[in-house]
Amino acid sequence: MQRDTDLRTLTMRVEAILYLKAQPLTLSELATLAATAPEAVELALIELLNDYAHRQTALEIVQIDDRYSLQLKPAFQELVQSLVPVELGVAAQRTLALIAFRGPIRQPEVIELRGSSAYQHIQELLTLGFIQRRRDSQSRSYILQVTERFHQYFQVDQLPTIQGERADD
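Owing to the predicted nature of the structure, the values given are computational and were not obtained by experimental measurement.

1. Details of the overall build of the protein
From N to C terminus, the protein includes 8 helices and 6 strands. In sequence order, the protein lays out its α and β elements as α-β-α-α-β-β-α-α-β-α-α-β-β-α. Burial status across the protein gives 29% buried among its 169 residues. In the protein, 48% of the contacts between residues at least 6 apart in sequence involve partners at least 24 apart. Carbon and sulfur atoms form 51% of the exposed surface of the protein, whose accessible area is close to 11,400 Å².

In structure tokens:
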């Protein structure tokens, strides 16, 4: 009986972590945040997956590769966009599209292609969580790329490759 209670408590804890973090997490990340073993978190995730599969709810637990997230079911995405639309200007959308299709891309290249106003677009996109940046190890500039939030918000699983470009460019 105690083991069932412990598992139920851990299951609720994992659910709370997924809700609060609002991003896909690996099993080991969940275990660290829950302060328990990955095997225990795996059992809790199985419970959660089963629970959400049999419940009439707008939420679902989704596994993408080795990461888990709590998100709205696709049927509710239109509602989200009507209630909480992201207002991006056309210029910022074009900068985001450039980063999405060419990313990871160096920030100076984005500025060169989009002009100096791209600095403001980049800051806006970082604030909205659509892109992330990291220092380029070979220079003092940043490398930009889209985030999981971008993929979730725009419902894009995989970006198409541009014809004529090599995958390692």
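Now that the structure has been shown, the text picks up again.
2. With respect to the packing of helix α5 (residues 90–102) against helix α6 (residues 107–114)
Relative to each other, α5 and α6 sit at 135°, their axes nearing to 11 Å. Relative to α6, α5 is oriented oblique. In the crossing of α5 with α6, the sense of the turn from one axis to the other is right-handed. Here Ala 91, Arg 94, Thr 95, Leu 98, Ile 99 and Arg 102 of α5 come into contact with α6, specifically with Glu 109, Val 110, Leu 113 and Arg 114. Looking at the contact of α5 with α6 residue by residue, the classes come out as 5 nonpolar, 1 polar and 4 charged.

3. Side note on the sheet that holds strand β3 (residues 67–72)
If you walk across this open sheet you meet the 3 strands as β1-β3-β2, and the pairing is antiparallel. Of all strands in the sheet, those bounded by a partner on one side alone are β1 (25–26) and β2 (59–64). Strand direction decides the pairing type here: β1 and β3, joined by 2 bridges, are antiparallel. Bridging from a neighbouring strand, Thr 26 pairs with Arg 67 of β3. Contacts from helix α3 (residues 38–53) reach β2 and β3 within the one sheet, and its direction differs from that of β2 by about 130°.

4. Considerations on the pattern of salt bridges
Using the criterion set out here, one finds 5 salt bridges in the structure. With a closest N to O distance of 3.9 Å, Glu 15 and Arg 55 form a salt bridge. Of the two residues, Glu 15 is situated in helix α1 (residues 2–21) and Arg 55 in the loop between α3 and β2; the sequence distance between them amounts to 40 residues. A salt bridge links Asp 136 to Arg 106; the nearest nitrogen and oxygen atoms lie 3.3 Å apart.

5. Some remarks on the packing of aromatic side chains
Applying the stated criterion across every chain, the model contains 0 aromatic pairs. Over the ring of Tyr 52 we find Arg 55; its NZ or CZ atom is 4.3 Å from the centre of that ring. The positively charged end of Arg 135 is found above the aromatic ring belonging to Tyr 142, 4.4 Å away from the centroid.

What counts and what doesn't
Residues numbered from 1 in each chain as written. Predicted model: local features only at pLDDT ≥ 70, side-chain atom pairs only at ≥ 80, totals over all residues. Heavy atoms only, no water. Helix = DSSP H or I, 4+ residues; strand = E, 2+ residues; numbered from the N terminus. Buried < 20%, exposed > 50% of the residue type's maximum accessible area, 1.4 Å probe, protein only. Contact = heavy atoms within 4.5 Å. Areas by Shrake-Rupley, 256 points an atom, 1.4 Å probe, with all protein chains shown as cover. Axes fitted to C-alpha atoms, helices over the stretch in contact; angles between N-to-C directions. Parallel < 35°, antiparallel > 145°, perpendicular 65-115°, else oblique. Left-handed = near helix turned anticlockwise from the far one by under 90°. Nonpolar A, V, L, I, M, F, W, Y, C, P; charged D, E, K, R; others polar. Pairing = 2+ DSSP bridges. Salt bridge = Lys/Arg side-chain N within 4 Å of Asp/Glu carboxyl O. Phe/Tyr/Trp six-rings, centres within 6.5 Å; stacked < 30°, edge-to-face > 60°. Lys NZ or Arg CZ within 6 Å of the ring centre and 35° of its normal.

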